[in-house]
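# Survey of secondary and tertiary structure
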Amino acid sequence: MKLFHSIRTTIAVLAVVSVPAVAVPATASAATGCQTAWGSLPEASNNVSTATLATVRAGRHACFDRIVFDVTSTPTAYSARYVPDVFRAGAGHPVPLRGGAKLELMLGVRAMDDAGHWAFQPPNEVELANVSGYRTLRQISYAGDTEGAAWIGIGLRARLPFRVFTLDGPGSGSRVVVDIAHRW
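As a starting point, this report considers the structure included with it. (Residues numbered from 1 in each chain as written. Predicted model: local features only at pLDDT ≥ 70, side-chain atom pairs only at ≥ 80, totals over all residues. Heavy atoms only, no water.)

All chains considered together, the criterion is met by eight salt bridges. With a shortest N-O distance of 2.6 Å, Asp 179 and Arg 66 are connected by a salt bridge. Of this pair, Asp 179 sits in strand S9 (residues 174-181) while Arg 66 sits in strand S3 (residues 64-71), placing them 113 residues apart in sequence. Each member of the pair, Asp 179 together with Arg 66, is buried. Note that Arg 110 and Asp 114 form a salt bridge whose closest N and O atoms lie 3.1 Å from each other. You can call Arg 110 partly exposed: its relative accessible area is 29%. On the basis of relative accessible area, Asp 114 is assigned to the exposed category, the value being 72%. Three or more residues joined by partner-sharing salt bridges are found here, namely Arg 66, Arg 163 and Asp 179. (Salt bridge = Lys/Arg side-chain N within 4 Å of Asp/Glu carboxyl O. Helix = DSSP H or I, 4+ residues; strand = E, 2+ residues; numbered from the N terminus. Buried < 20%, exposed > 50% of the residue type's maximum accessible area, 1.4 Å probe, protein only.)

As structure tokens, then:
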């Protein structure tokens, strides 16, 4: 009887000890994993706006790199797609971009403001934001404008999942956000 009690106690102890050992790693990996349902197919929005491009910013997150385009009005139209090369709007020559993949972004923004002045004049068209040390982003370059559209070339480490969406604010403006995942 004593032997049966010892075996039953041992089995109960092993069952209790093994449950946390199995459950803890699964929970920990789920908490630190980067799950995205994004893809690499083209994305677009056809919002009509009279916005102009104000600023370009970049940021690093745990699972993705982010680019934010601040515009002066309501959410604007956009299209984003992977391309073999990004070309200068109106001129047709290739825009050199660092990285193994190129994402072309079109923003439906005007080049001129209501007073007839150039609305977006970056200090450096080749480097719209400093992305040195970023995991995925290699370069963000202004590729020119055509009537009602600004073209941006984004150099990336590789062809990775991305998403594009708009946010309201700050104030009466809005933002076009591009997130590029660090991995598939």
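So, next bit.
This part takes up the nonpolar core. Membership of the largest hydrophobic core comes to 32 residues, with the highest contact counts inside it found for Ile 67, Phe 69, Leu 105, Leu 107, Leu 137, Ile 140 and Ile 152. Of all elements in the fold, only strand S2 (53-60), S3, strand S4 (78-83), strand S5 (101-107), strand S6 (137-146), strand S7 (149-156), strand S8 (162-168) and S9 reach the threshold of two or more residues within this core. Contact partners of Leu 137, with chain neighbours within four places excluded, come to Ala 58, Asp 65, Arg 66, Ile 67, Val 131, Ile 154, Gly 155, Leu 156 and Ile 180. One finds Val 83, Val 86, Leu 97 and Ala 143 within the second-largest nonpolar core, a separate group that totals five residues. (Core = buried A, V, L, I, M, F, W, Y, C linked by side-chain atoms within 4.5 Å. Contact = heavy atoms within 4.5 Å.)

Taken in spatial order, the four strands of this open sheet run S2-S3-S9-S8, and their pairing is antiparallel. In this open sheet, the two edge strands, each paired with only one partner strand, are S2 and S8. Shown here is a sheet whose adjacent strand axes are inclined to one another by a mean of 20 degrees, direction ignored. (Pairing = 2+ DSSP bridges. Axes fitted to C-alpha atoms, helices over the stretch in contact; angles between N-to-C directions.)

Across the sheet, five strands lie side by side as S1-S4-S5-S7-S6; this open sheet has antiparallel pairing. Strands with a single pairing partner mark the edges of an open sheet, and in this sheet they are strand S1 (43-45) and S6. Put simply, the sheet's adjacent strands are angled 20 degrees from each other on average, direction ignored. Note that S5 and S7 share seven bridges and pair antiparallel. Residue pairing for S7: Leu 105 is matched across the bridge by Ile 152.

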